[in-house]
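# Analysis of the macromolecular model
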Amino acid sequence: MTNNKEVLKWINEITELTKPSEIIWIDGSEEQKKEIYRKALESGDLMELNQEKLPGCYLHRSNPKDTARVEDRTFICLPTKEDVGPTNNWFEPEEAKSRMNKLFNGVYSGRTMYIIPFIMGHPNSEFGKIGFEITDSLYVVASMMIMTRVGKVATDMLKDSIDFVKGLHSVGTLDEKEKYILHFPEEKSIISVNSGYGGNALLGKKCLSLRIASYLAQKENWLAEHMLILGIQAPNGDTKYVAAAFPSACGKTNLAMINPPKEFEGYKTFTIGDDIAWLRIGEDGRLWAVNPEAGFFGVAPGTSHKSNYNMMETISKNTIYTNVLQTEDNTVWWEGMTDTPPEKGTDWKGQPWTPESGEKGAHPNSRFTAPAKQCPCVSPEFDNPNGVPISAIIFGGRRSKGVPLVYEAMNWEHGVFTGASLCSETTAAAEGNMGRLRHDPMAMLPFCGYNMGDYFAHWLKMGDLVENPPKIFHVNWFGKDDDGNFLWPGFSDNFRILDWIMKRCENKAEYTETALGYMPYAKDINIEGTGLDEETFDKCLALDKEALLQSADSYDEFFKDFDRLPQKIKEQISNYRKRVENM
Ligand code: GTP
Ligand code: SPV
Ligand code: MN
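Predicted, not measured: the structure shown is a model, and the values here were computed from it. (Residues numbered from 1 in each chain as written. Chains lettered and ligands numbered in written order. Predicted model: local features only at pLDDT ≥ 70, side-chain atom pairs only at ≥ 80, totals over all residues. Heavy atoms only, no water.)

## Thoughts on the environment of Glu-263
The condition that has to hold: We count a stretch as a helix when DSSP gives it H or I for four or more residues in a row; a strand needs E for two or more, and each element gets its number in order from the N terminus.
Mapping Glu-263 onto the fold places it in the loop between α9 (252-256) and β15 (268-273). A C-alpha to C-alpha distance of 12 Å links Glu-263 and Pro-235, two positions 28 residues apart in sequence.

## Re the environment of His-363
Which entries qualify depends on this criterion: Contacts between residues were defined by any pair of non-hydrogen atoms, one from each residue, lying within 4.5 Å. Counting of polar contacts relies on pairs of N or O atoms within 3.5 Å, with two restrictions inside protein: one atom must be capable of donating a hydrogen and the other of accepting it, and residues adjacent in sequence are counted only when both atoms are side-chain atoms.
Here His-363 lies in the loop between β23 (352-353) and β24 (367-371). Put simply, His-363 and Asp-383 are 20 residues apart on the chain and 33 Å apart in space, counted from C-alpha to C-alpha. In contact with His-363, other than residues within four places in its own chain, are Thr-67, Pro-301, Asn-323 and Trp-348. One polar contact links the side chain of His-363 to the main-chain amide nitrogen of Asn-365, over a distance of 2.8 Å.

## Section: the site of ligand 1
For clarity, the threshold we go by: Any residue with a non-hydrogen atom lying within 4 Å of a molecule or strand is treated as near it. Areas reported here follow the Shrake-Rupley algorithm with a probe of radius 1.4 Å; residue values treat only the protein chains shown as occluding. Classification convention: Asp, Glu, Lys, Arg as charged; Ala, Val, Leu, Ile, Met, Phe, Trp, Tyr, Cys, Pro as nonpolar; all other residues, Gly among them, as polar. Per the annotation, domain bounds derive from an automatic or database assignment of domains.
In the region of ligand 1, 22 residues are neighbours, and Ala-249, Lys-252, Asn-254, Pro-301 and Arg-367 sit closest. The contact in question runs from an oxygen atom of ligand 1 to an N or O atom on the backbone of Ala-249, over 2.7 Å. A distance of 2.9 Å separates an oxygen atom of ligand 1 from a polar side-chain atom of Asn-494. Across the complex, the protein chains shield 93% of the 660 Å² of accessible surface that ligand 1 would expose by itself. Contributing elements (two or more residues each) for the shell around ligand 1: α9 and β18 (295-299). Sorting elements by how many residues they give to the shell around ligand 1 places α9 first, with three residues. Broken down by class, the residue content of the shell around ligand 1 amounts to ten nonpolar, eight polar and four charged. A domain-level breakdown of the shell around ligand 1 finds at least three residues from each of domain 2 (225-294 + 380-581) and domain 3 (295-374).

## What about the site of ligand 2?
Every residue near ligand 2 is listed here: Arg-69, Gly-198, Gly-199, Lys-205, Lys-206, His-226, Ser-248, Asp-275, Phe-297, Arg-367, Ala-429 and Phe-447. Here an oxygen atom of ligand 2 sits 3.2 Å away from a polar atom, N or O, in the side chain of His-226. Within the side chain of Ser-248, an N or O atom sits 2.5 Å from an oxygen atom of ligand 2. Protein contacts shield 98% of the accessible area of ligand 2, which totals 280 Å² for the unbound molecule. Mapped by element, the contributors of at least two residues to the shell around ligand 2 are α7 (198-201) and α8 (204-220). Classifying every residue of the shell around ligand 2 gives three nonpolar, four polar and five charged. Structurally, the shell around ligand 2 is a two-domain feature, drawing no fewer than three residues from each of domain 1 (5-45 + 70-220) and domain 2 (225-294 + 380-581).

## Topic: the domain arrangement of the protein chain
The cut-off we apply is this: Buried area: the accessible surface (1.4 Å probe) lost by two parts on joining, summed over both. Within this document, salt bridges are pairs made up of a side-chain nitrogen of Lys or Arg and a carboxyl oxygen of Asp or Glu, the two lying within 4 Å of each other.
You can read the domains of the protein chain as domain 1 (5-45 + 70-220), domain 2 (225-294 + 380-581) and domain 3 (295-374). Placing the centre of domain 1 and that of domain 2 at their C-alpha centroids yields a distance of 31 Å. On the side of domain 2, 34 residues touch domain 1, which itself brings 34 residues to the contact. Summed over both partners, the interface of domain 1 with domain 2 comes to about 3,000 Å²; 55% of that surface belongs to carbon and sulfur atoms. We note a salt bridge from Asp-275 to Lys-205, for which the minimum N-O separation is 3.0 Å. Our count for the domain 1 to domain 2 interface comes out at 18 residue pairs in polar contact (both at pLDDT 80 or more).

## Overview of the packing of helix α15 (residues 545-559) against helix α16 (residues 567-581)
The line we're drawing: Axis definition: a line fitted to C-alpha atoms, over the contacting stretch in the case of helices. Angles run 0 to 180 degrees between N-to-C directions. For this classification, under 35 degrees means roughly parallel, over 145 means roughly antiparallel, 65 to 115 means roughly perpendicular, and everything else is oblique. Here a crossing is called left-handed whenever its near helix is offset anticlockwise from the far helix by less than a right angle, and right-handed whenever the offset is clockwise.
Close contact between α15 and α16 brings their axes to 10 Å; oriented N to C, the two are set at 160°. By the angle between their axes, α15 is roughly antiparallel relative to α16. Crossing of α15 against α16: the hand is left-handed. Side by side, α15 and α16 meet where Lys-545, Leu-548, Leu-549, Ser-551, Ala-552, Asp-553, Tyr-555, Asp-556 and Phe-559 of the first sit next to Ile-573, Tyr-576, Arg-577, Val-580 and Glu-581 of the second. For the contact of α15 with α16, the per-class residue count stands at eight nonpolar, one polar and five charged.

## With respect to the side chain of Ser-307
Our working rule: The cut-offs for exposure are 20% and 50% of the maximum accessible area for each residue type, with area from a 1.4 Å probe on protein chains only; residues under the lower value are buried, those over the upper are exposed, and the others partly exposed.
Mapped onto the secondary structure, Ser-307 falls in the loop between β18 and α10 (309-314). On the basis of relative accessible area, Ser-307 is assigned to the buried category, the value being 16%. For Ser-307, the side chain forms a polar contact with the main-chain oxygen of Gly-302, separated by 2.8 Å. Apart from residues no more than four positions distant in its own chain, Ser-307 is found in contact with Asn-254, Gly-302 and Phe-491.

Set out below in structure tokens:
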């Protein structure tokens, strides 16, 4: 499929090391896709779902010990520990490689090695990145065919260039102690072993498009971010775009597909991306964003026709479901999909299940993998290689207490601090305890491919380079009352907050200055039709001095480990404390 000498040399090395019994190049053709699915059904990697109700849909059950990203087994391999900074795991590159040589020795014996050429970004765009994933997993092959642009398009685009990312993956034995997700940013290579799950195994996604890409972006003056991209068209036809960074399982996919509530007649929304944005400075001095992916790998639980109509439509065909409940009529279900659960089914572990069993039918991090083009509100600009101009960047986390619904950063520098000081309660998207409050700067804590102190400096520098930078905001959809109920209805009602944000971008809405930044007056958010009373809504916007002071303490604590923290961020931290003390 290619005569590229560098590619062939590397493939030869890997073949000699891993000793596969057969090699298959993924060409991207429909015929081959059918053959891959046939093999995956035969091997049990995929199970066919009810083809009348869910055409082209399949179910995958992963090993119950392999259901999320493994952050403590994810490493950045740069020469020194200081290069990766206080928030990343470090593995010395040469040592890492020699360990991998042992683990990969003969790992494909008796198995087929699949070579997947893929593009992150648009074909023939100068910003697209070409990667290869070598894998022994049919689930990975089938998923990569949805999530990226695979096959001959990629080798044709690469021609004889040596500018490509090398990805090597094996599900191996799933041995937890020998799980490694390794990144070699200097060599643009990725090695992943002993996991078959999502972000651990689909190497184009978090590994290439965030960890490797963020390292490159710092050198080349652009940004690779964990952000959705959404277009909002006003009744007068004017469309503005926002990019929003929320940590994993904190609402990116949902916001990316939001439908305006009925009070906002004439407004339309368009999805560009739900997880990753690459942002570059355009000739017009604005920040332009593309989504390098071709599909969605979204959280299933909580997704319903009520909460996310567009996604339910998107996943009605040609979708791979992972770790969801299988119903009696061979369709799928998960907690939150319908008000009434099915009477029985087969749970994500393959065991008989009833609502009374007290177990979750679907894993909390169960997911679907679907082509972006199937989304009813996919943007007409989805394939525009130049991307879309960004008017607002929004940071947000999952905070039950002490963080209001929305505030605006006072300027770029304060916005960088707003992103850098982002905190969120942990979710099922990564292995480990759920609901623990942790700092997650720019929602990139698990995804930054270099020292995060340098990453903040890079963000500050981008503010100097972008002539017309977007405004920066912070949102929190997840505030709770004392009984643990969400204060704010969320989902499509989040549009009411986007409306204020859009108006702020045109300097059309009023604001009041607070210790956190600029906040709306309650009267300027349209809550008609939400069923919220004014008193509850006031709680959504309330500030609590005690809580804000606690945040100041937590910033001191978190940032003290950063030996490369920019002076400007230090000043922001102390200015924040002063503002709160003067409240
Ligand atoms: P990753 O794919 O892991 O990066 O997650 P994500 O950021 O795309 O999160 P997603 O939109 O899939 O939402 C995760 C969970 O949060 C789902 O269970 C949603 O139903 C729920 N959720 C999303 N938006 C809201 C909201 O506005 N309010 C509430 N209460 N829950 C929400
Ligand atoms: C996330 O965890 O942010 C995801 C899922 O989007 S994964 O692809 O596993 O990273
Ligand atoms: Mn994500």
